[in-house]
There are 2 protein chains.
Amino acid sequence: MLDRDGPAGLTMRAVAQQLGMGTMSLYRYVADREELEGLVVELVLGAVDPAPPEGGGWQERVTVMVERVRVAVGAHPAVVPLTMTHRHRSPAILRWSETVAGILAETVTDPERRVVALRGLLSYLVGAIQLEHLGPLSGPGTAAIAGLDPAAFPHMRQLGGAARQVGADEEFRGGLALLLAGISGGPGPARTRKA
Amino acid sequence: MLDRDGPAGLTMRAVAQQLGMGTMSLYRYVADREELEGLVVELVLGAVDPAPPEGGGWQERVTVMVERVRVAVGAHPAVVPLTMTHRHRSPAILRWSETVAGILAETVTDPERRVVALRGLLSYLVGAIQLEHLGPLSGPGTAAIAGLDPAAFPHMRQLGGAARQVGADEEFRGGLALLLAGISGGPGPARTRKA
DNA sequence: ACCTGAACACCGTTCAAGT
DNA sequence: ACCTGAACACCGTTCAAGT
């Protein structure tokens, strides 16, 4: 239903009708709309395989894990607005985090630095997915950028041409690679503070 | 109104009443609710100073720029759900991007790599702000993590203790520092692809 | 011509009436 | 006891009636 009618199509009434029951019958299974949304989010995120990837270095394995979430959400883009509100209590993301934390433990020995690295990865993942699905690429945003006053936005104007050469996959992977490079960089807190 | 009643409090009727006019009078100034939300988002993001910071290295100046957005949004957390839907056509973010792109041009010469770096920064910024305001820190998420089965989530359990030692500021800055370290890392595309 | 109240088609949820 | 329709209190927006 979400895929067909978008986030606004997921109403208690519509879901009940789809299930061939009265609207109020839904409240037998669900406390309120919030909980129903959570179940939908979990249904989508449940497609993410939490098992650690087999081969490759830690950076490649983290990339595989991150890409799995991107693919799962990409299969149902309409869920993106819902994930934002319901991500925190998702068991699927928790299992995903557990695996990624395990991989990170191989190279980031200090727990506090590992927390920062894990949250950094999650932040990038959340933001990049949203920019991909709700960003300027889809919608009238690109036109707005193209019509910019070149005098006021010289750098953005220059980047506009280059941006068309960078595909969505390349952009996502490239940004992730920058973050991973930073994680593999300096082991001491000095580098972190300096940078 | 957003600060007082949350995102749900921003209704056409409530806004009109606050302004002392009939509900329909709003449509004299605004096409629909979407446009009104956009104006609110722009009002909050308009507080971001787009002028390039004066001193310091490029990493410190980018950090200042990123922190400015975080502070502006942090002053009105209820706007976070709205920014997600309206960020793309925001002139304020465009001006911000122009300045950051200019700073990045100092060290990232290749335009395509600069696009990736800028989008990476924006992705991290968007995700980190959301995790900060809608994440496990606020709400019952932390309790859920604390009550985890230690056998199934050994790494997360271990990180739970360390996470309490890492403040929100430190976490945000730390993750950003990782990304900046990656940007300043390898100039060639080989590193990007390898990582 | 400009402005805006009543009305319409929704929504989530309460509550009492059905079985 | 279990289930669910009617009703309530909202919402954004249309449309025609006011000035």
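Reading guide: rules and limits
Residues numbered from 1 in each chain as written. Chains lettered and ligands numbered in written order. Predicted model: local features only at pLDDT ≥ 70, side-chain atom pairs only at ≥ 80, totals over all residues. Heavy atoms only, no water. Near = heavy atom within 4 Å. Polar contact = N/O pair within 3.5 Å; in protein donor to acceptor, adjacent residues only side chain to side chain. Nonpolar A, V, L, I, M, F, W, Y, C, P; charged D, E, K, R; others polar. Phe/Tyr/Trp six-rings, centres within 6.5 Å; stacked < 30°, edge-to-face > 60°. Helix = DSSP H or I, 4+ residues; strand = E, 2+ residues; numbered from the N terminus. Buried < 20%, exposed > 50% of the residue type's maximum accessible area, 1.4 Å probe, protein only. Lys NZ or Arg CZ within 6 Å of the ring centre and 35° of its normal. Domains from an automatic or database assignment. Contact = heavy atoms within 4.5 Å. Buried area = accessible area lost by both parts, 1.4 Å probe. UniProt positions renumbered as here; feature names shortened; annotations may be inferred. Least-squares fit on C-alpha atoms with pLDDT ≥ 70 in both. Salt bridge = Lys/Arg side-chain N within 4 Å of Asp/Glu carboxyl O. Axes fitted to C-alpha atoms, helices over the stretch in contact; angles between N-to-C directions. Left-handed = near helix turned anticlockwise from the far one by under 90°.

**Considerations on the protein's contact with DNA strand D**
Taken together, the residues surrounding DNA strand D are R13, G22, M24, S25 and R28 of chain A together with T11, M12, R13, M24, Y27, D32 and R33 of chain B. Among the atoms of DNA strand D lying within 4 Å of the protein, the sugar-phosphate backbone contributes 45%. Taking S25 of chain A, its side chain carries an N or O atom lying 2.3 Å from a phosphate oxygen of DNA strand D. Within the contact set of DNA strand D, a base nitrogen lies 2.5 Å away from a side-chain nitrogen or oxygen of R13 of chain B. Counted by class, the surface near DNA strand D contains four nonpolar, three polar and five charged residues.

**Quick look at the packing of aromatic side chains**
All names here are of chain A. One pass over the full model with this rule turns up two aromatic pairs over all chains. Both rings, one in Y124 and one in F172, keep their centres 5.8 Å apart while their planes meet at 45 degrees; by these two values the pair is tilted. Within this pair, whereas Y124 is found in helix α7 (residues 111-134), its partner F172 is found in helix α10 (residues 168-183), the two being separated by 48 residues in sequence. As far as the burial class goes, Y124 and F172 line up, both buried. Cation over ring: R70 sits above F172, and NZ or CZ is 4.5 Å from the ring centre.

**Section: the domain arrangement of chain A**
Residues and elements named next belong to chain A. Segmentation of chain A into domains returns domain 1 (1-30) and domain 2 (32-134 + 165-184). Relative to domain 2, the C-alpha centre of domain 1 lies at a distance of 28 Å. Each partner contributes residues to the interface: domain 1 has 11 residues there, and domain 2 has 13 residues. Summed over both sides, the interface of domain 1 with domain 2 buries roughly 960 Å², with 72% coming from carbon and sulfur. Considering only the surface of domain 1 that becomes buried against domain 2, L2, L10 and V30 emerge as the three largest contributors, covering 53% of it. The interface formed by domain 1 and domain 2 holds two residue pairs in polar contact (both at pLDDT 80 or more) in total. When contributions to the side of domain 1 that touches domain 2 are tallied by element, the ones reaching two or more residues are α1 (2-5) and α2 (12-18). Class assignment for the residues of the side of domain 1 that touches domain 2 results in nine nonpolar, one polar and one charged.

**Points about the protein's contact with DNA strand C**
Residues in close proximity to DNA strand C total 13 residues, the closest being R13, M24 and Y27 of chain A together with M24 and S25 of chain B. Near the protein, meaning within 4 Å, the atoms of DNA strand C are sugar or phosphate in a fraction of 44%, with bases accounting for the rest. Within the side chain of R13 of chain A, an N or O atom sits 2.5 Å from a base nitrogen of DNA strand C. Within the side chain of R28 of chain B, an N or O atom sits 3.4 Å from a phosphate oxygen of DNA strand C. Taken together, the residues of the surface near DNA strand C break down into four nonpolar, four polar and five charged.

**Some points on the UniProt feature "domain: HTH tetR-type" (unreviewed entry) in chain A**
As recorded in UniProt, the sites labelled "domain: HTH tetR-type" (unreviewed entry) are residues 1-48 of chain A. Taken end to end, residues 1-48 of chain A is 50% helix and 0% strand, and its two terminal C-alpha atoms sit 20 Å from one another.

**Notes on the relation of the copies chain B and chain A**
Once chain B has been moved 0.0 Å along the axis and rotated by 180 degrees, it coincides with chain A to within an RMSD of 0.0 Å. The superposition of one copy onto the other is thereby described by a two-fold rotation axis. Interface residue correspondence from chain B to chain A reaches 100%, placing this contact among same-surface, isologous pairings.

**Comments concerning the interface of chain B and chain A**
One frequent convention defines the size of an interface as the accessible area lost when the parts assemble. Contact residues are listed per partner, giving 62 residues for chain B and 63 residues for chain A. At the boundary of chain B with chain A, total buried surface from both sides reaches about 5,800 Å², with 69% on carbon and sulfur atoms. Broken down residue by residue, the surface that chain B buries against chain A is led by R119, L131 and L178 of chain B, which jointly contribute 12%. Our enumeration of links across chain B and chain A arrives at two salt bridges. E171 of chain B is the partner of R119 of chain A in a salt bridge, and the nearest nitrogen-oxygen pair spans 2.7 Å. Taken together, the links from chain B to chain A amount to nine residue pairs in polar contact (both at pLDDT 80 or more). For the side of chain B that touches chain A, the elements supplying multiple residues, two or more each, are α5 (80-86), α6 (91-105), α7 (111-134), α9 (154-165), α10 (168-183) and α11 (189-194) of chain B. When residues in the side of chain B that touches chain A are grouped by element, the largest group, 19 residues, is from α7 of chain B. In the side of chain B that touches chain A, the residues fall into 35 nonpolar, 16 polar and 11 charged.

**Thoughts on the packing of helix α4 (residues 58-74) of chain B against α7 of chain B**
Residue and element names in this part refer to chain B. Relative orientation of the contacting elements α4 and α7 amounts to 35 degrees, with a least axis distance of 11 Å. The interaxial crossing formed by α4 with α7 has right-handed handedness. Mapping the contact onto sequence places V62, V66, V69, R70, V73 and G74 in α4 and L121, L125, I129, E132 and H133 in α7. Of the residues contributing to the contact of α4 with α7, the split by class is seven nonpolar, two polar and two charged.

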